[in-house]
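The chain contents come next:
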Amino acid sequence: MSLSMTHDAPLAPYTTLALGGAAERLVVAQDDATLRDALRWAQEYGVSAHLLGGGSNVVVPDEGVPGLVVHVATRARVARREAGQVEVKVAAGEPWDELVEWAVSEGLAGIECLAGIPGQVGATPIQNVGAYGQEVSETIVRVEVLDRKTLETSTLPASACGFGYRDSAFKRAGAAGAARYVVTHVTFALTPGGAPALRYAELTRAVPADASLAEVRDAVLALRRAKSMVLPPHAAPNDPNLRSAGSFFTNPVVDDAQAADVARRAIAAGLVPDAGAMPSWPSGPGRTKLAAGWLVERAGFAKGTRRGHVGLSSAHALALVHHGGGTTSALLALADEIVRGVEERFGVVLEREPRLLGVDG
Ligand code: EPU
């Protein structure tokens, strides 16, 4: 096995935040064999291995990442007809947005609302990527994984992936947890000639009821562009919020009683006239999803707030941005300040969405 390994490799260029230190060692895996070899090497030498995909949902510590970082750069896409659907098996390193573009151009429905999301296909099942009323769990039929211990591949049906809001079994400890598996391929079942998903109020307002897949994709890209939630080539020229990891916090899902308490606090603070004016969505029996961006803004963190070289996006309070010359510790300090501020005002503890490389599982 000859493994090409770079020592002390800066990781900032591999991330959309463009922050953080170096990997002690870096392997760029362009095929599955290299991915397996890298994991085997780490196992043999007792070194921890950390997987890096598109770098759009990850924060790299300033002190860097000890051990081995494996950047997944595998490419492949194979489509076949299967019982009236088109099943497309995609390598983990394929850019997600290119898959959406292809699906829409082929008239295949199922992922059109997920246009413009940065990052790679292999990361999508891990946090069950979603936007504008659609989630990848709706179309994923199976996920091929590499067992970090045995280095064997296996195929998990969607039912074994434990999908939830921004969640899956891959994220949690346990049988299919991050410590165990590396995603190598994801298979999606898309619907030829299917209608686009028009479920998110903001999106349904933006397109006619009989909109085509392409119109929905364009509308999603425009909405994301207005929120600085896209990268080039979709971003607005001179977008000041380009260096970000998208939503920095997940939307809190709380029990209904806590949601009512948050609304009471918001009314008492004069932020809304009544509970109905606070954005929230039913999220399963007895549960309510709150809008983290709304909570952040109403806790006193206005869009565009700056702390030196980092700050809040001027287009969306949920995205933390790096203006250049900053540090991860400054970014995380701002994140902590926001978590404390939101907790003080609303009694809700926000959870970070991007993974801290080398620290989180
Ligand atoms: N809001 C504010 N201030 C802000 C931002 C939002 O008050 O600065 C309010 C909005 O007015 C709205 C509510 O919060 O009432 C929700 O905002 P938005 O529709 O922008 O969606 P979001 O809940 O903030 C989620 C996802 C995004 C996804 C959009 C669209 C999470 C954590 N984020 O954002 O995903 O694009 O919905 O579906 O679930 C990501 O995960 O990185 C991401 C960008």
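A short tour of the structure in this document, coming up. It should be emphasised that the depicted structure is a prediction, and the values quoted were computed from it without experimental measurement. (Residues numbered from 1 in each chain as written. Predicted model: local features only at pLDDT ≥ 70, side-chain atom pairs only at ≥ 80, totals over all residues. Heavy atoms only, no water.)

**Regarding the pattern of salt bridges**
Selection rule: Definition used for salt bridges: Asp or Glu carboxyl oxygen within 4 Å of a side-chain nitrogen of Lys or Arg. Numbering of helices and strands runs from the N terminus; a helix is a DSSP stretch of H or I covering at least four residues, while a strand is a stretch of E covering at least two.
Applying the stated criterion across every chain yields a total of 19 salt bridges. Asp37 is paired through a salt bridge with Arg40; the nearest N and O atoms lie 3.2 Å apart. One end of the pair, Asp37, and the other, Arg40, are both in helix H1 (residues 32-44), 3 residues apart, so they sit about a helical turn from each other. Measuring nitrogen to oxygen at the nearest pair gives 3.1 Å for the salt bridge that ties Lys89 to Glu144. Of the two residues, Lys89 sits in strand S7 (residues 85-91) while Glu144 sits in strand S11 (residues 140-147), which places them 55 residues apart along the sequence. Each of Arg80, Glu82, Glu87 and Arg142 takes part in a single network of salt bridges with overlapping partners.

**Side note on the site of the ligand**
Going by this rule: Put simply, a residue is near a molecule or strand once any heavy atom of it comes within 4 Å of that molecule or strand. By the criterion applied in these results, polar contacts are pairs of N or O atoms within 3.5 Å in which, for protein atoms, one can donate a hydrogen and the other can accept it, and in which residues neighboring in sequence qualify only through two side-chain atoms. Residues are grouped as follows: Ala, Val, Leu, Ile, Met, Phe, Trp, Tyr, Cys and Pro are nonpolar; Asp, Glu, Lys and Arg are charged; all remaining types, including Gly, are polar. Reported domain spans reflect what an automatic or database domain assignment gives.
In the vicinity of the ligand lie 26 residues, with Tyr132, Tyr165, Tyr200, Glu297 and Ala317 positioned nearest. Between Tyr165 and the ligand, the recorded distance is 2.7 Å, taken from a side-chain N or O atom to an oxygen atom. With respect to the ligand, the side chain of Glu353 contributes an N or O atom lying 3.0 Å from an oxygen atom. Looking at the shell around the ligand element by element, the count peaks at 4 residues for helix H6 (residues 292-298). Taken together, the residues of the shell around the ligand break down into 12 nonpolar, 6 polar and 8 charged. Shared between two domains, the shell around the ligand holds at least three residues of each, these being domain 2 (77-226) and domain 3 (244-356).

**So, the sheet that holds strand S16 (residues 280-282)**
Quick note on the threshold: Here the rule is simple: two strands pair whenever DSSP picks up at least two bridges between them. Fitting a line to C-alpha atoms yields each axis, with helices limited to the stretch in contact; the angle taken between N-to-C directions then spans 0 to 180 degrees. Only heavy atoms enter the contact rule, under which two residues are in contact if any of them lie within 4.5 Å.
Strand order in the open sheet made by the 3 strands is S15-S17-S16, with antiparallel pairing throughout. Strand pairing shows two members of the sheet lacking a second neighbour, strand S15 (253-255) and S16, which therefore form its edges. Averaged over all pairs of adjacent strands, the angle between strand axes in this sheet comes to 35 degrees, irrespective of strand direction. Seen against the sheet, helix H5 (residues 256-268) touches S15 and strand S17 (287-290) and runs at an angle of roughly 100 degrees to S15.

**Re the packing of helix H2 (residues 96-105) against helix H4 (residues 213-226)**
Quick reminder of the rule: Note that the term roughly parallel is reserved for angles under 35 degrees, roughly antiparallel for angles over 145, roughly perpendicular for angles of 65 to 115, and oblique for everything else. Here is the rule for handedness: rotate from the far helix to the near one, and if that takes an anticlockwise turn smaller than a right angle the crossing is left-handed, while a clockwise turn gives right-handed.
Contact geometry of H2 with H4 gives a least axis separation of 9 Å together with a crossing angle of 150 degrees. Between H2 and H4, the angle is such that the two are roughly antiparallel. Crossing angle aside, the handedness with which H2 passes H4 is left-handed. Here H2 contributes Val100, Glu101 and Val104 to the contact with H4, which in turn contributes Leu213, Ala214 and Arg217.

**A word on unusual backbone geometry**
As a reminder, the rule being used: Relative accessibility decides the category of a residue: with a 1.4 Å probe and only protein chains considered, values under 20% of the type maximum give buried, values over 50% give exposed, and everything between is partly exposed.
In this model, Pro232 is joined to Pro233 through a cis peptide bond whose omega is 10 degrees. Structurally, the position occupied by Pro233 is in the loop between H4 and strand S14 (244-247). Unusually for a residue other than glycine, Asp8 sits at a positive phi of about 50 degrees. Take Asp8: it is sitting in strand S1 (residues 6-10). A relative accessible area of 57% means that Asp8 is categorised as exposed. One non-glycine residue, Asn238, adopts positive backbone phi at about 60 degrees.

**Here's the deal with the packing of aromatic side chains**
This is how the line gets drawn: Think of it this way: a Phe, Tyr or Trp ring, Trp meaning its six-membered ring, pairs with another when their centres are within 6.5 Å, and the plane angle makes it stacked under 30 degrees, edge-to-face over 60, tilted otherwise. Here, a charge over a ring is recorded when the distance from Lys NZ or Arg CZ to the ring centre is within 6 Å and its angle to the ring normal is within 35 degrees.
Counted by the stated rule, this structure contains 5 aromatic pairs. Centre to centre, the rings of Phe248 and Phe249 are 5.4 Å apart; their planes meet at 75 degrees, and the pair counts as edge-to-face. We classify Phe249 as buried; its relative accessible area is 3%. A cation over an aromatic ring shows up here: Lys289 above the ring of Tyr165, its NZ or CZ 3.7 Å from the ring centre.

**Focus on the nonpolar core**
Nonpolar side chains in soluble globular proteins tend to be buried together. Note the cut-off: Throughout this description, the term nonpolar core refers to a set of buried Ala, Val, Leu, Ile, Met, Phe, Trp, Tyr and Cys residues connected via side-chain atoms within 4.5 Å.
Counting 44 residues, the largest nonpolar core has Trp96, Leu99, Ile111, Val143, Phe188, Leu190 and Leu203 as the members making the most contacts within it. Where this core is concerned, the elements lending two or more residues are S7, H2, strand S8 (108-109), S11, strand S13 (181-192) and H4. The next biggest cluster of nonpolar side chains, apart from the first, holds 36 residues, and it includes Ala317, Ile338, Val339 and Phe346.

**Some details on H4**
Test applied: Expected helix span is taken as 1.5 Å per residue step, with the number of steps being one fewer than the number of residues.
Its 14 residues give H4 an end-to-end C-alpha distance of 20 Å, which sits within 8% of 20 Å, the value for a rise of 1.5 Å per residue. The set of residues buried in H4 consists of Leu213, Val216, Arg217, Ala219, Val220, Leu221, Leu223 and Arg224. Positive backbone phi, approximately 55 degrees, marks Ser228, located one or two places after H4.

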